[in-house]
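Now for the letters of each chain:
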Amino acid sequence: MQRRSGPNGTQQGRSKQAIFADKPRIIGTRMIETNDPAIWRNFLPWPSAETHKHTRGRLAVVSGKAHQTGAARLAAHAGLRMGAGVVRILCPPDAVAVIAPAVQAIMLAPFSSPEALGREAAGSDAVVIGPAAGLEDATIANIQALALSGAVLVIDADGLSVFKGRTAELFAVLDRDDILTPHEGEFERLFPGLLAQGREAAAIQAARLAQATIVLKGAQTIIASPDGRIRRNENGSAWLATAGTGDVLAGMIGGLAAQRMDSFDAACAAVWIHSDAAERFGPGLTSDDLSDVLPKVLASLWKG
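Now for a quick tour of the structure.

Definitions and cut-offs
Residues numbered from 1 in each chain as written. Predicted model: local features only at pLDDT ≥ 70, side-chain atom pairs only at ≥ 80, totals over all residues. Heavy atoms only, no water. Helix = DSSP H or I, 4+ residues; strand = E, 2+ residues; numbered from the N terminus. Rg over C-alpha atoms; globule rule 2.2 N^0.38 Å. Buried < 20%, exposed > 50% of the residue type's maximum accessible area, 1.4 Å probe, protein only. Contact = heavy atoms within 4.5 Å. Axes fitted to C-alpha atoms, helices over the stretch in contact; angles between N-to-C directions. Left-handed = near helix turned anticlockwise from the far one by under 90°. Nonpolar A, V, L, I, M, F, W, Y, C, P; charged D, E, K, R; others polar. Phe/Tyr/Trp six-rings, centres within 6.5 Å; stacked < 30°, edge-to-face > 60°. Salt bridge = Lys/Arg side-chain N within 4 Å of Asp/Glu carboxyl O. Expected span 1.5 Å × (residues − 1). Core = buried A, V, L, I, M, F, W, Y, C linked by side-chain atoms within 4.5 Å.

## Structural notes on the overall build of the chain
The secondary structure content of the chain amounts to 12 helices and 11 strands. The C-alpha radius of gyration computed for the chain amounts to 18 Å, which stays within 12% of the reference 19 Å derived for 304 residues, consistent with globular compactness. Expressed along its principal axes, the backbone C-alpha trace of the chain runs to roughly 50 × 45 × 40 Å. Relative to its 304 residues, the chain shows a buried fraction of 56%. Within the chain, contacts between residues at least 6 apart in sequence are counted, and of these 67% link residues at least 24 apart.

## Regarding the packing of helix α4 (residues 114-121) against helix α5 (residues 137-146)
Two elements in contact, α4 and α5, have axes separated by 8 Å at closest approach and are oriented at 35°. The crossing of α4 and α5 is right-handed. On the side of α4, the interface is formed by Pro114, Leu117, Gly118 and Ala121, while α5 contributes Ala141, Asn142, Ala145 and Leu146. Of the residues assigned to the contact of α4 with α5, the class counts are six nonpolar, two polar and no charged.

## A short note on the packing of aromatic side chains
Overall, the coordinates contain three aromatic pairs when judged by the stated rule. Consider the rings of Phe187 and Phe191, whose centres lie 4.9 Å apart with planes at 40°: the pair is tilted. For Phe187, a relative accessible area of 0% translates into the label buried. Taken together, the ring pairs connect Phe171, Phe187 and Phe191 into an aromatic cluster.

## Regarding the pattern of salt bridges
Applying the stated criterion across every chain, the model contains 16 salt bridges. Asp125 is the salt-bridge partner of Arg260, the closest N and O atoms lying 3.1 Å from each other. Residue Arg260 is found in the loop between α10 (245-258) and α11 (263-281), and its partner Asp125 is found in the loop between α4 and β6 (126-129); the two are separated by 135 residues along the sequence. A salt bridge links Glu169 to Arg166; its shortest N-O distance comes to 2.8 Å. A cluster of three or more residues bridged by salt bridges with shared partners is formed by Glu33, Arg231 and Asp265.

## Here's the deal with α10
With 14 residues, α10 extends 20 Å from end C-alpha to end C-alpha; this agrees with the ideal 20 Å at 1.5 Å per step. With 13 of 14 residues buried, α10 is to be regarded as a mostly interior element. Following α10 by one or two positions, Arg260 has its phi on the positive side, about 70°.

## Some words on the environment of Gly159
As for its position among the elements, Gly159 is in helix α6 (residues 158-161). For the pair Gly159 and Val297, spaced 138 residues apart in sequence, the C-alpha to C-alpha distance is 29 Å. When near neighbours in sequence (up to four residues on either side) are disregarded, Gly159 contacts Gly130, Thr139 and Ile143.

## Focus on the nonpolar core
Ranked by internal contacts, the top residues of the largest apolar core, which has 55 residues, are Trp40 and Ile273. With 11 residues, α11 is the largest single contributor of residues to this core.

The quantities given are spatial measurements derived from coordinates; they are silent on function.
Take a look at the structure:
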């Protein structure tokens, strides 16, 4: 499957309409918008009467080893909740027996090599890789194999940290539709020293260097596109400070990207929805809870 980037790096069929939620802020010559549903609500991929599961998008999530499967399950369930029609977890053979009893609507396929992973991912619209993937050369080889699939790649966690000191190898396989989702520690490993410029400037520079969308996570997550668009998310929730919520976010982004939503808008929408879901749940939130709140947030956006 070929990548969906058009001549200017935007996805085919993406409207160029710009809706500004409020007066943009400026950093250098760049306008920083506040991430608000008014900007991207009209681009959310709702199904129609003619829609079936395969036209709603096919998402794959790559799991770690048998003792590291929770992150992939969190991401896959979130992608399913966001509307992806078919979601599969691709896992090492030793993880099958662990994952199979824990999933229902999510399919499962083992792979034993990067080449086998590439074959299993063929036909996917988006692939999430990195959560609990392992900091080893096999993770790099897996990402390189997935880059040949044509799917939008959402790379998180170990999938980022493993490229510390080897960023040229990562940048060589990225497409403008791909999305990197680092917290500040992972960002520093990929882009040492950039954060000294400030988060907004660093995210803009990182997106330019990687030629991919950057989601710089934090209390006010910054989303930057290689075409210069940048948004600040201001509805961040303190309840997200618990293990696994980043894995859920990666799956949410993947679920929207699989439905052919523009990568930058998919990242912006997922970041806002992720925070809103956390605020709705409130005290006691764990990462397992987030996907169960997503239907309420999505329903409020659908009804407008």
